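A structural walkthrough
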Number of protein chains: 2
Amino acid sequence: MAVTIKDVAKKAGVNASTVSRVIKDSSEISDRTKTKVRKAMMELGYTRNAAARILASGKANTIGVVFPPVLDKSSQPFFMKILTAINETARKFNVSIAIATGHTQTDLKKQVRMMYSERRVDGFIVLYAGKTDIIREYLLGNSIPFVLVGTPSEQQNEITHIDNDNKLLGREAVRHLATLGHRNIAFVTDTTDGEVFSERYQGFSEEMVSQNLTKSLVKFDRSFSIGRETALVVMDDVLTLKVMERLNALGFRVPDDISIITYNNSIFGTITHPFLTTFDINVVRLGQAAVEKFLDLLNNNPSYHEKTVIPFELILRESTKAR
Amino acid sequence: MAVTIKDVAKKAGVNASTVSRVIKDSSEISDRTKTKVRKAMMELGYTRNAAARILASGKANTIGVVFPPVLDKSSQPFFMKILTAINETARKFNVSIAIATGHTQTDLKKQVRMMYSERRVDGFIVLYAGKTDIIREYLLGNSIPFVLVGTPSEQQNEITHIDNDNKLLGREAVRHLATLGHRNIAFVTDTTDGEVFSERYQGFSEEMVSQNLTKSLVKFDRSFSIGRETALVVMDDVLTLKVMERLNALGFRVPDDISIITYNNSIFGTITHPFLTTFDINVVRLGQAAVEKFLDLLNNNPSYHEKTVIPFELILRESTKAR
DNA sequence: CTGAAAGCGCTTACAG
DNA sequence: CTGAAAGCGCTTACAG
């Protein structure tokens, strides 16, 4: 019922294989034939059948995107944003994407394994870098092509990954605040797990020391309070909103009494005032690079696994101020 | 290289067609044979090839999920949440999902058309119900199966759709506030477009009138202010945060001076105090129903197009108070 | 209850 | 530069 390569071939007066070659714009085919065939395709409204192509070529031309095994992915705008970026970049390269979501690692792994063994996907983009992850183990153990968005805590040389320079992100936060005259700065976090925290904090610490400033590390919890700090570096913007509420209750005003600089530049930074001074981690580029690197991995099968570092940008808004 | 149906057939000493029947658990096959074949599948680690199955059966077993043509889908937790729910429900029915995202209607339509004509998907779940939408027109015009999450402003009888009862949502907001003793209530919105607004506002109005209360409609913008109202019904929780900031600046305190009830129950309602009293619209059920209804549409091809109404739930928190 | 065969719509060596 | 043929791994009438 749908129009096939054969219909086109007949109409154009060529063999089906020729039509196939025209479709992939093979340089072997003469321009005359190409024009003729393309005209026939146009007239018949031909579109190629994805399944037939995949079956015959042995390539799924599809990337699986793996979301973290947590319940609420929707509270972090990051995921929808990178998904969109990945999808749009993939389209540019004429590949599709499939997604894997699950609440537990086991669930997720089952899904990932199924996708790959049914040959639905050529490999994966993994959107998280948890400490020990059975999906990563599985992929690594079976030599399945994948790239990671984030920085794995182990086997960095065996995993192609894309991330920001989190250490530099820590340093730059300090630099900005120091420029504004702050000398007593705390790093505020709600989690001390993961590479993101440790690298940012390390960068923060190094810069504080090298500039001879007074630093502290504060874990945000029920009893959160601050001492003589005049500025804070906060792990992300949602946390910042909570921190600010707390500071308010304690009688501090942002930015008049306390400056805050944070990360992610999500929508949470511009809902209520003061709008947040924040680092934009360039999620779109992270997604684009993930696709590009994955395709590179798949097609050129390089023997090394590199890290791609995506630049970030400081967005100056209202939560930091010179003292 | 991968193990195929033939390998299994040989190992089990049967014909390939028998294996195929065992896979789909056909009632024609004897239990003895089934056991034998399944054992062979296990031992060889067989998984069926998705592309071959799709090609031979003519069914993609995949649903395309269409996101709205707006730039920033990530600022609304709704999308990631429903995507997850859809994906998980789809898995239960052994179907896959593919996604279509684009910044413009044209872009999106191109994608949707391509997905369908390449036979990648059997149809679509459309996640928005804009006024005039060329994607919807295209789907309708070509009799492509699809369901809509939301309520279309036209052709409601030709479109299978899933939504909350927005009118009731408007009514219930009033009822809650009235119970708390509020008699002067404003409906606050930042947009007067779309069915969601008009239905909620209609329900709000009807209930206000029937309870003989004093109502007003306030558009939220730079000059936002309120008069003698003691309570507000606000279109969504992000807007509520902005409204609250404004009220604060004007010297009103929530909930002491003004009660607020809102919609969506997203993360935005519980970041800072007062936590928001809000209606949970049950996004997970919306997603599940979308998949179920789509599959029903596809397999049973009913001659009518029904609306499925998903119940909601009032989440009482801190932003409403008796006066 | 099971088998043999045709066919789904492509791609890709192999020939010429 | 183009064609003829085999094959990708399934499903599904058709027979028996």
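Since the structure is predicted, the reported quantities are computational estimates derived from the model, not experimental observations. (Residues numbered from 1 in each chain as written. Chains lettered and ligands numbered in written order. Predicted model: local features only at pLDDT ≥ 70, side-chain atom pairs only at ≥ 80, totals over all residues. Heavy atoms only, no water.)

Now for the overall build of chain A. Each helix and strand counted, chain A has 11 helices and 12 strands in total. Relative to the 2.2 N^0.38 estimate, which gives 20 Å for 323 residues, the radius of gyration of chain A is 25 Å and therefore markedly larger than a compact globule would have. Referenced to the eigenvectors of the C-alpha coordinate spread, the extents of chain A come out at roughly 85 × 40 × 35 Å. Evaluated residue by residue, chain A yields a buried proportion of 50% over its 323 residues. Residue pairs in contact within chain A that sit at least 24 positions apart in sequence constitute 68% of those at least 6 positions apart. Summed over its atoms, the accessible surface of chain A is roughly 14800 Å², and 48% of this surface lies on carbon and sulfur atoms. Positive and negative side-chain charges of chain A, numbering 42 and 36 respectively, have mean locations separated by a distance of 7 Å. (Helix = DSSP H or I, 4+ residues; strand = E, 2+ residues; numbered from the N terminus. Rg over C-alpha atoms; globule rule 2.2 N^0.38 Å. Buried < 20%, exposed > 50% of the residue type's maximum accessible area, 1.4 Å probe, protein only. Contact = heavy atoms within 4.5 Å. Areas by Shrake-Rupley, 256 points an atom, 1.4 Å probe, with all protein chains shown as cover. Lys, Arg positive; Asp, Glu negative; His and termini not counted. Charge placed at Lys NZ, Arg CZ, Asp CG, Glu CD.)

Near DNA strand C lie 26 residues; those nearest to it are Ser20 and Arg21 of chain A together with Thr18, Arg21 and Thr33 of chain B. Per the 4 Å cut-off to the protein, sugar and phosphate atoms form 65% of the nearby atoms of DNA strand C. Within the side chain of Lys24 of chain A, an N or O atom sits 3.1 Å from a phosphate oxygen of DNA strand C. Contact distances for DNA strand C include 3.3 Å between a base nitrogen and a side-chain N or O atom of Ser17 of chain B. For the surface near DNA strand C, the leading source of residues is helix H4 (residues 50-57) of chain A, giving 4 residues. (Near = heavy atom within 4 Å. Polar contact = N/O pair within 3.5 Å; in protein donor to acceptor, adjacent residues only side chain to side chain.)

This part covers the nonpolar core. In this structure, Ile125, Leu232 and Val243 of chain A together with Ile125, Leu232 and Val243 of chain B are the most contacted members of the largest nonpolar core, which totals 130 residues. Among residues more than four places away in sequence, those in contact with Val243 of chain A are Val188, Phe220, Phe224, Leu232, Val234 and Ile260 of chain A. (Core = buried A, V, L, I, M, F, W, Y, C linked by side-chain atoms within 4.5 Å.)

Let's shift gears to the relation of the copies chain A and chain B. Overlaying chain A with chain B gives an RMSD of 0.1 Å, the required rotation being 180° about an axis along which the chain moves by 0.0 Å. Given the turn and translation reported, the copies of this chain are related as if by a two-fold rotation axis. Relative to the rotation axis, the closest C-alpha in chain A is found at Ala51 of chain A, a distance of 2.4 Å. Take the interface residues of chain A: 100% of them recur as interface residues in chain B, which is what a same-surface contact looks like. (Least-squares fit on C-alpha atoms with pLDDT ≥ 70 in both.)

This next bit is on the domain arrangement of chain A. Taken domain by domain, chain A comprises domain 1 (5-48), domain 2 (62-164 + 284-310) and domain 3 (166-281). Computed over C-alpha atoms, the centres of domain 1 of chain A and domain 3 of chain A are 61 Å apart. (Domains from an automatic or database assignment.)

Attention now goes to the interface of chain A and chain B. Contacts between the two partners involve 46 residues from chain A and, on the opposite side, 46 residues from chain B. At the junction of chain A and chain B, the tally comes to 2 salt bridges. One salt bridge connects Asp107 of chain A with Arg91 of chain B, and the closest N-O pair in it is separated by 3.6 Å. Our enumeration of links across chain A and chain B arrives at 16 residue pairs in polar contact (both at pLDDT 80 or more). For the side of chain A that touches chain B, the secondary-structure elements that each account for two or more residues are H4, helix H5 (77-92), strand E2 (96-100), helix H6 (105-117) and helix H10 (237-249) of chain A. In terms of residue count, H5 of chain A provides more of the side of chain A that touches chain B than any other element does, 9 residues in total. (Salt bridge = Lys/Arg side-chain N within 4 Å of Asp/Glu carboxyl O.)

Moving on: the protein's contact with DNA strand D. Around DNA strand D there are 26 residues in total, and Thr18, Arg21 and Thr33 of chain A together with Ser20 and Arg21 of chain B lie nearest to it. Contacts to DNA strand D include Glu28 of chain A, whose backbone N or O atom sits 3.4 Å from a sugar or linking oxygen. Ile5 of chain B has a polar backbone atom sitting 2.8 Å from a phosphate oxygen of DNA strand D. Looking at the surface near DNA strand D, the elements with two or more residues in it are helix H2 (16-23) and H4 of chain A together with helix H2 (16-23) and helix H4 (50-57) of chain B. Of all the elements, H4 of chain B adds the most residues to the surface near DNA strand D, at 4 residues. Class assignment for the residues of the surface near DNA strand D results in 8 nonpolar, 12 polar and 6 charged. (Nonpolar A, V, L, I, M, F, W, Y, C, P; charged D, E, K, R; others polar.)

All names here are of chain B. Taking strand neighbours across the sheet as the criterion, the 6 strands line up as E7-E6-E8-E9-E10-E12 in an open arrangement whose pairing is mixed. Looking at which strands have only one partner, the edges of the open sheet turn out to be strand E7 (214-219) and strand E12 (313-315). Direction aside, the axes of adjacent strands within the sheet are offset by 20° on average. With 3 bridges joining them, strand E10 (residues 277-280) and E12 adopt antiparallel strand pairing. Considered in E12, the bridge of Phe279 is made with Leu314. Running over the sheet, helix H10 (residues 237-249) touches strand E6 (184-189), strand E8 (231-234) and strand E9 (259-263) and is turned about 160° from E9. (Pairing = 2+ DSSP bridges. Axes fitted to C-alpha atoms, helices over the stretch in contact; angles between N-to-C directions.)

As enumerated under the stated definition, the model contains 23 aromatic pairs over all chains in all. Ring geometry for Phe279 of chain B versus Phe312 of chain B: centroids 5.5 Å apart, planes at 90°, classification edge-to-face. With Phe279 of chain B in strand E10 and Phe312 of chain B in the loop between strand E11 (307-310) and E12, this residue pair connects regions lying 33 residues apart in the sequence. What links up through ring pairs into an aromatic cluster is the set Phe187, Phe197, Tyr201 and Phe204 of chain A. (Phe/Tyr/Trp six-rings, centres within 6.5 Å; stacked < 30°, edge-to-face > 60°.)

On to the pattern of salt bridges. All names here are of chain B. All told, the structure shown has 28 salt bridges over all chains when counted by the stated rule. We note a salt bridge from Lys39 to Glu43, for which the minimum N-O separation is 3.4 Å. With Lys39 and Glu43 both in helix H3 (residues 31-44), this residue pair falls 4 residues apart, about one helical turn. Residues Lys293 and Glu306 are paired through a salt bridge, measuring 2.7 Å at the closest nitrogen-oxygen approach. Taken together, the residues span a long stretch of sequence, with Lys293 in helix H11 (residues 283-300) and Glu306 in the loop between H11 and E11 at a distance of 13 residues. Taking the relative accessible area as the measure of exposure, Lys293 reaches 22% and is therefore partly exposed. The class of Glu306 is partly exposed, set by a relative accessible area of 31%.

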